[in-house]
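Structure at a glance
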Amino acid sequence: MMFIRQTIIALILLALSAIAWSASGIIQRGDYAGREDISRFISGMVDRHGFDAMELQALLAQAKKQKRVLELVAKPAEGKDWSEYRPIFLTDKRIEAGVKFWDDNQQLLQRAEQEYAVPAEIIVAIIGVETFYGTRMGSFPVLDTLVTLGFDYPPRANFFRRQLEEFLLLSREQKISPQEPKGSYAAAMGMGQFISSSYRDLAVVVDGDARRDLWHSNADGIGSVANYFKRHDWIMGQAVVAPAFIRGNGYKSLKANQLKPSYSQAQLSAAGVQASVPVAADENLSFLDLKGANGHEYWLG
């Protein structure tokens with residue numbers, strides 16, 4: 001009897017040891033187990049959205065720091081001069097792929113143009129720039145990327161933690177495993193490279209499926225890009241940019257390449273900058289100074 005008891009106890013201890021080893025193995029696979037900032041984030045997700053604390057702990061404990069992501073986000077391609085950035089996208093190969101994509105999806109593009117009042121060429125251009133027409137949608141695990149940037153990239157940690165929150169909500173809504181999606185080094189996803197908040201707010205279903213699928217559905221991808229533009233106040237037929245004529249050196253007093261148009265025509269004219277096309281008198285403009293292959297290029301946005 002004593003031998004049987006000892007054997008049973010030994011088996012129980014062995015089983016407990018195996019469970020403990022397995023649990024520690026899960027934690028050891030990631031880089032974020034036991035961190036206080038992760039615990040605070042989990043508490044917030046539980047309080048605000050009713051997530052299960054233990055499930056989130058197990059999920060985030062497996063996240064792996066993406067060192068390559070940290071390297072890339074510190075030196076984004078968007079930081080290149082225009083003379084270096086432009087040739088990346090305006091290539092014969094990309095243009096030919098764009099023509100084929102347009103031909104293959106002509107009905108979807110016409111439908112999106114009519115429904116959202118966004119030109120087909122704009123939709124095609126965006127998808128071409130973002131993912132080479134859906135062929136380069138990113139290879140980084142979105143969950144790991146967002147955890148890495150949210151907790152180990154101080155310059156934009158708050159932004160990426162918000163995106164992690166949005167991504168977990170998106171995964172729950174879409175009924176997909178958070179560990180499945182792949183995206184860019186900035187955690188942008190799908191054909192149009194939507195960040196998580198944009199995916200939740202602006203992605204649409206076009207193909208009749210209940211799921212908004214920006215990875216596999218051209219219909220959803222095209223419609224979602226068009227809806228993004230519509231929701232950001234795109235106006236069909238209105239000019240976007242035009243070359244600017246420069247007189248003198250007064251333009252150097254202007255803040256160039258600002259995202260928000262903030263200069264009146266009077267201010268620009270006083271600085272020696274003139275639009276090359278007619279512009280409404282009350283329309284604000286942005287001044288663009290781009291370093292082109294043959295020197296500076298001046299534009300108004």
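Here goes a summary of the coordinates provided.

Cut-offs and rules
Residues numbered from 1 in each chain as written. Predicted model: local features only at pLDDT ≥ 70, side-chain atom pairs only at ≥ 80, totals over all residues. Heavy atoms only, no water. Helix = DSSP H or I, 4+ residues; strand = E, 2+ residues; numbered from the N terminus. Buried < 20%, exposed > 50% of the residue type's maximum accessible area, 1.4 Å probe, protein only. Areas by Shrake-Rupley, 256 points an atom, 1.4 Å probe, with all protein chains shown as cover. Lys, Arg positive; Asp, Glu negative; His and termini not counted. Charge placed at Lys NZ, Arg CZ, Asp CG, Glu CD. Patch = residues over 30% accessible without salt bridge, like charges linked within 9 Å, V, L, I, M, F, W, Y side chains within 5 Å. Salt bridge = Lys/Arg side-chain N within 4 Å of Asp/Glu carboxyl O. Pairing = 2+ DSSP bridges. Axes fitted to C-alpha atoms, helices over the stretch in contact; angles between N-to-C directions. Contact = heavy atoms within 4.5 Å. Core = buried A, V, L, I, M, F, W, Y, C linked by side-chain atoms within 4.5 Å. Left-handed = near helix turned anticlockwise from the far one by under 90°. Nonpolar A, V, L, I, M, F, W, Y, C, P; charged D, E, K, R; others polar. Polar contact = N/O pair within 3.5 Å; in protein donor to acceptor, adjacent residues only side chain to side chain.

The next subject is the overall build of the protein chain. Looking only at helices and strands, the protein chain features 13 helices and six strands. Counting only C-alpha atoms and orienting by the principal axes, one finds that the protein chain spans roughly 100 × 45 × 40 Å. Among the 301 residues that make up the protein chain, the fraction classed as buried is 38%. For the protein chain, the computed accessible surface area is about 17,800 Å², with 55% contributed by carbon and sulfur atoms. The average position of the 33 basic charges and that of the 34 acidic charges among the side chains of the protein chain differ by 6 Å.

Positive phi, close to 70°, is recorded for Ala-187, a residue that is not glycine. Topologically, Ala-187 is positioned in the loop between strand 2 (182-183) and helix 11 (196-202). The buried category is assigned to Ala-187, whose relative accessible area is 1%. Of note, Gln-193 is a non-glycine position whose phi angle comes to about 55°, a positive value. In this fold, Gln-193 is placed in the loop between strand 2 and helix 11.

Side chains of Leu-90, Ile-95 and Val-99 sit close together on the surface and give an oily, nonpolar patch of about 280 Å² of accessible area. Structurally, Val-99 can be placed in helix 6 (residues 92-104). Overall, Val-99 belongs to the partly exposed group, its relative accessible area being 47%.

Pairing within the open sheet is antiparallel, and its four strands lie in the order 4-3-6-5. On the outer flanks of this sheet lie strand 4 (273-275) and strand 5 (287-292), each paired with one strand and no other. Strand-to-strand, the axes of this sheet are offset by a mean angle of 45°, without reference to chain direction. The pairing of strand 3 (residues 242-246) with strand 6 (residues 295-300) spans two bridges and is classified as antiparallel. Bridging across to strand 6, Pro-243 finds its partner in Trp-299. Here helix 5 (residues 82-89) sits on the sheet and contacts strand 5 and strand 6; the angle it forms with strand 5, its principal contact strand, is near 80°.

A few words now on the environment of Phe-41. Looking at where Phe-41 falls in the secondary structure, it is placed in helix 2 (residues 36-49). Taking relative accessible area as the criterion, Phe-41 reaches 8% and is therefore assigned buried. C-alpha separation for the pair Phe-41 and Leu-170, spaced 129 residues apart in sequence, amounts to 17 Å.

Membership of the largest hydrophobic core comes to 54 residues, with the highest contact counts inside it found for Ile-123, Ile-127, Leu-143, Val-147, Leu-164, Leu-168 and Tyr-199. Here Ile-123 is in contact with Leu-109, Ala-112, Val-118, Ile-222, Val-225 and Ala-226, once residues within four sequence places are set aside.

Attention now moves to the pattern of salt bridges. Evaluation of the coordinates by the stated rule reveals 10 salt bridges. Of the charged contacts in the structure, one is a salt bridge between Glu-36 and Arg-40, with a shortest N-O distance of 3.8 Å. Taken together, the residues Glu-36 and Arg-40, both in helix 2 and four residues apart, mark about one turn of the helix. Among the ionic contacts, a cluster of salt bridges with common partners joins Arg-35, Asp-37, Lys-65, Asp-152 and Arg-161.

As a further point, take the packing of helix 4 (residues 67-74) against helix 9 (residues 142-152). Helix 9 packs onto helix 4 with a crossing angle of 65° between their chain directions and a minimal axis gap of 9 Å. For the pair helix 4 and helix 9, the crossing hand works out as right-handed. Where helix 4 approaches helix 9, its residues Val-69, Leu-70 and Val-73 are matched on the opposing element by Thr-145, Thr-148, Leu-149 and Asp-152. Of the residues assigned to the contact of helix 4 with helix 9, the class counts are four nonpolar, two polar and one charged.

Moving on, we come to the side chain of Gln-193. For Gln-193, a relative accessible area of 14% corresponds to the buried category. Among the polar contacts made by the side chain of Gln-193, one reaches the main-chain carbonyl oxygen of Gly-190 at a distance of 2.9 Å. In contact with Gln-193, not counting residues within four places along its chain, are Glu-130, Thr-131, Met-137, Ser-184 and Ala-188.

Note on placement: Ala-244 falls in strand 3. When the C-alpha positions of Ala-244 and Gly-272 are compared, they lie 9.8 Å apart, and in sequence the two are 28 residues distant. Once residues lying within four places of it in the same chain are set aside, the contact partners of Ala-244 are Val-273, Gln-274, Tyr-298, Trp-299 and Leu-300.

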